[in-house]
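Spelled out from the first residue to the last, the chains are:
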Amino acid sequence: MTTIQRLQRATTWMWVALLGFCLAACNAHDHAKEGHQHAEETHNHQEENHNHDAEEPHGHEGHDHEADEDNHRFKTHVEDVHFTREQAQAAQLKVEVIHAAPFSSALKVSGQIEAPLGEECDVVARSTGTVHFARHDMSEGTAVKAGQLLATISARNMQDGDPAQKAKIAYDTARKDYERAKALAADQIISAKELEQRRAALQLARASWEALRGAGGKGVSVTSPLGGYVKSVIAREGSFVSVGDPILTITQNRRLQLRADVPECRYGLLKQVRTAHFRASSDQTVYELDDLHGRLHSYARTLNGTDGYLPIIFSFDNVGDLVAGSYAEVWLITRERQDVLSLPQSALIEEQGTYYIFIQHHEQPEEYHRQEVMLGESNGSRVEIKSGLKDGDHVVTRGAYQLKLASVTTMPEGHNHNH
């Protein structure tokens, strides 16, 4: 083989080797690219799985956890309450069967409790001097009897002297003068007319002395003109008073008056008023005048002053817990409506402006149902129920607050969820 042939063969093999190398490189590049794409697809699929695993289970668990936290955080009211007979007896629960009945409408106004004329009086000083009370504990509410010594008024060591001593001296002088006049008249030395003048002077002196005596020499006595209670103590111990100055106020406190102030625009209702219910500012009890032997006394036909109100006056027996001068809420009872469902105020439970009651199940006396109601008019003691109540329902009218407490359930504290 010649040298030229050897070179030609070597060149041919070189090109074959170079072509094989290029083909191998192209195949390797295509396989690498496909593997990279497959890896990316696997990675994306893993990310999607990771996102799906991270979002869906976490969101589901988080929702349950928040619901559980809400149940733990807040108190939940249940509609039905189980209350045993023993619990009802301890809470003094009272259940009434409610039926439609007549209901009296009312006009709510403000008013005041007053003492009627003749039921109280001021005890005034009958002389000038310093006041000394007969009891060191003389105060408002002290019971007194008619004619009882309340205080003395002393004028000792004063410039004008003690009026009681002056009256005693004047009385002794008039008595002696009259005795002498009687002897002179018997001898006809003086006339009968002059004797009569001496007798009149003696009677006046006696009246002055008797009005000022009775304190055992301690001064002028001050007695109670009637039996009752001390309403107010006006003078202080040791204070100076003049004739006619008030010292005490005594009230019999047997009959009181209720004055209700009706706006001028409701004047037409005054003729319809039959009686009234009221609640004093010092007491939460609602009183009905019919239970206190109350009666309508009078009402104004004209306006007095510029306040625009017309007073209507009732009188009633004092039950012992009412004080003259107290302000009051007054419900003036007017017309009466038939077949109205109503409840006493004690049956209602208020919660954020919503009112509800508890109704006892007929067949299960230990089960109570919480029922929302809509209110109508109120006359102070009872409230009209417009919806939520049926005729014949057994309603809790006393002890409803205890049932409210029993209807509130609280999850135990310290129960937490672990993430």
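Our subject is the structure listed above.
Description of the structure in this document.

Definitions and limits used
- Each chain carries its own residue numbering, running from 1 in the direction its sequence is written.
- Per-residue local features of the predicted model are confined to residues with pLDDT of at least 70, and side-chain atom pairs are confined, for both listing and counting, to 80 or more; whole-chain, interface and lining totals are unaffected and use all residues.
- Hydrogens and waters are ignored; side-chain quantities use all the structure's heavy atoms.
- Under the scheme used here, helices are H or I runs from DSSP no shorter than 4 residues and strands are E runs no shorter than 2 residues, and both carry numbers assigned from the N terminus.
- Exposure categories follow from relative accessible area, calculated using a 1.4 Å probe and restricted to protein chains: below 20% of the type maximum is buried, above 50% is exposed, and the middle band is partly exposed.
- Contact definition: two residues touch when any of their heavy atoms are within 4.5 Å.
- In short, Shrake-Rupley with a 1.4 Å probe defines the accessible areas, and a residue's cover is counted only from the protein chains shown.
- The rule is short: rings of Phe, Tyr and Trp, with Trp giving its six-membered ring, pair when the centres are within 6.5 Å, and they are stacked under 30 degrees, edge-to-face over 60, tilted in between.
- Geometrically, a lysine NZ or arginine CZ counts as sitting over a ring once it is within 6 Å of the ring centre and also within 35 degrees of the ring normal.
- Paired strands, as defined in this entry, are two strands with at least two bridges between them according to DSSP.
- By nonpolar core we mean a set of buried residues, namely Ala, Val, Leu, Ile, Met, Phe, Trp, Tyr and Cys, connected to one another through side-chain atoms within 4.5 Å.
- The term salt bridge refers to a side-chain nitrogen of Lys or Arg lying within 4 Å of a carboxyl oxygen of Asp or Glu.
- N or O atoms closer than or at 3.5 Å make up a polar contact, with two conditions inside protein: a donor-capable atom paired with an acceptor-capable one, and, for residues adjacent in sequence, both atoms drawn from side chains.

Turning our eyes to something else, we now look at the overall build of the protein. If you tally the helices and strands in the protein, you get five helices and 25 strands. When each of the 419 residues of the protein is scored for burial, the buried share is 32%. Here the contacts in the protein between residues at least 6 apart in sequence split such that 77% fall between residues at least 24 apart. Total accessible area on the protein stands at roughly 26,600 Å², and carbon and sulfur atoms take up 51% of it.

Okay, unusual backbone geometry next. One non-glycine residue, histidine 293, lies in positive phi territory at about 55 degrees. In this structure, histidine 293 sits in the loop between β15 (287–288) and β16 (295–299). The exposure class of histidine 293 is exposed, given its relative accessible area of 59%. Even without a glycine there, the phi angle at aspartate 339 is positive, about 55 degrees. A residue is classified by how much of its surface remains accessible, and aspartate 339, at 64% relative accessible area, is exposed.

Right, let's get into the packing of aromatic side chains. The tally for this structure, following the rule as stated, stands at four aromatic pairs. Between the aromatic rings of phenylalanine 278 and phenylalanine 316, the centroid separation amounts to 5.3 Å while the plane-to-plane angle is 45 degrees, which identifies the pairing as tilted. Of the two residues, phenylalanine 278 is situated in strand β14 (residues 275–280) and phenylalanine 316 in strand β17 (residues 309–317); the sequence distance between them amounts to 38 residues. Of the two residues, phenylalanine 278 and phenylalanine 316, both sit in the buried class. Ring centres 5.8 Å apart and planes at 85 degrees place the aromatic pair tyrosine 356 and phenylalanine 358 in the edge-to-face group. Comparing tyrosine 356 with phenylalanine 358, the two get one shared label, buried. Positioned above the aromatic ring of tyrosine 356 is the side chain of arginine 370, whose terminal nitrogen or guanidinium carbon lies 4.0 Å from the ring centre.

Where strand β13 (residues 255–263) meets β17, nine bridges bridge the pair, whose relative direction is antiparallel. From the neighbouring strand, valine 262 faces β17, where its bridge partner is leucine 310.

Our next topic: the nonpolar core. In terms of nonpolar packing, the biggest core is built from 26 residues, with Leu258, Phe278, Ile312, Phe316, Val330 and Leu332 touching the most fellow members. Of all the secondary-structure elements, those providing two or more residues to this core are β4 (101–114), β13, β14, β17 and β18 (327–340). In this structure leucine 258 touches Gln112, Ile113, Ala276, Phe278, Leu289, Ile312, Ile313, Phe314, Phe316, Ala328 and Val330, once residues within four positions along its chain are discounted. By size, the runner-up hydrophobic cluster in this structure holds 19 residues, among which are Cys121, Phe133, Val230 and Leu248.

This brings us to the sheet that holds β13. Pairing is antiparallel across the open sheet formed by seven strands, whose spatial order is β15-β14-β18-β4-β13-β17-β16. The outermost strands of the open sheet, each flanked by one partner alone, are β15 and β16.

Turning to the sheet that holds strand β5 (residues 120–124), a few remarks are in order. Strand order in the open sheet made by the four strands is β5-β12-β10-β7, with antiparallel pairing throughout. Two strands bound the open sheet, and with one partner strand each, they are β5 and β7 (143–144).

Of the two faces of β5, the one lined by Cys121 and Val123 is fully buried and the one lined by Glu120, Asp122 and Val124 carries no buried residue. Here β5 pairs with strand β12 (residues 246–251) via five bridges, running antiparallel. Bridge pairing in β12 places valine 123 opposite leucine 248.

Bringing the pattern of salt bridges into the picture now. Counted by the stated rule, this structure contains 17 salt bridges. Counted as one network, the salt bridges with shared partners bring together Asp177, Arg180, Glu194 and Arg198.

Quick look at the environment of serine 239 now. For serine 239, the location among the structural elements is in the loop between β10 (228–233) and β11 (240–241). With 108 residues separating them along the chain, serine 239 and valine 131 place their C-alpha atoms 5.6 Å apart. Those residues in contact with serine 239 that sit more than four places away from it in its chain are Gly129, Thr130 and Val131.

Okay, the side chain of threonine 142 next. You can see threonine 142 is positioned in the loop between β6 (129–133) and β7. A relative accessible area of 10% means that threonine 142 is categorised as buried. A distance of 2.8 Å separates the side chain of threonine 142 from the backbone oxygen of serine 139, its partner in a polar contact. Ignoring anything within four residues of it in the chain, the contact list for threonine 142 reads Arg135, Asp137, Gly228, Tyr229 and Val230.

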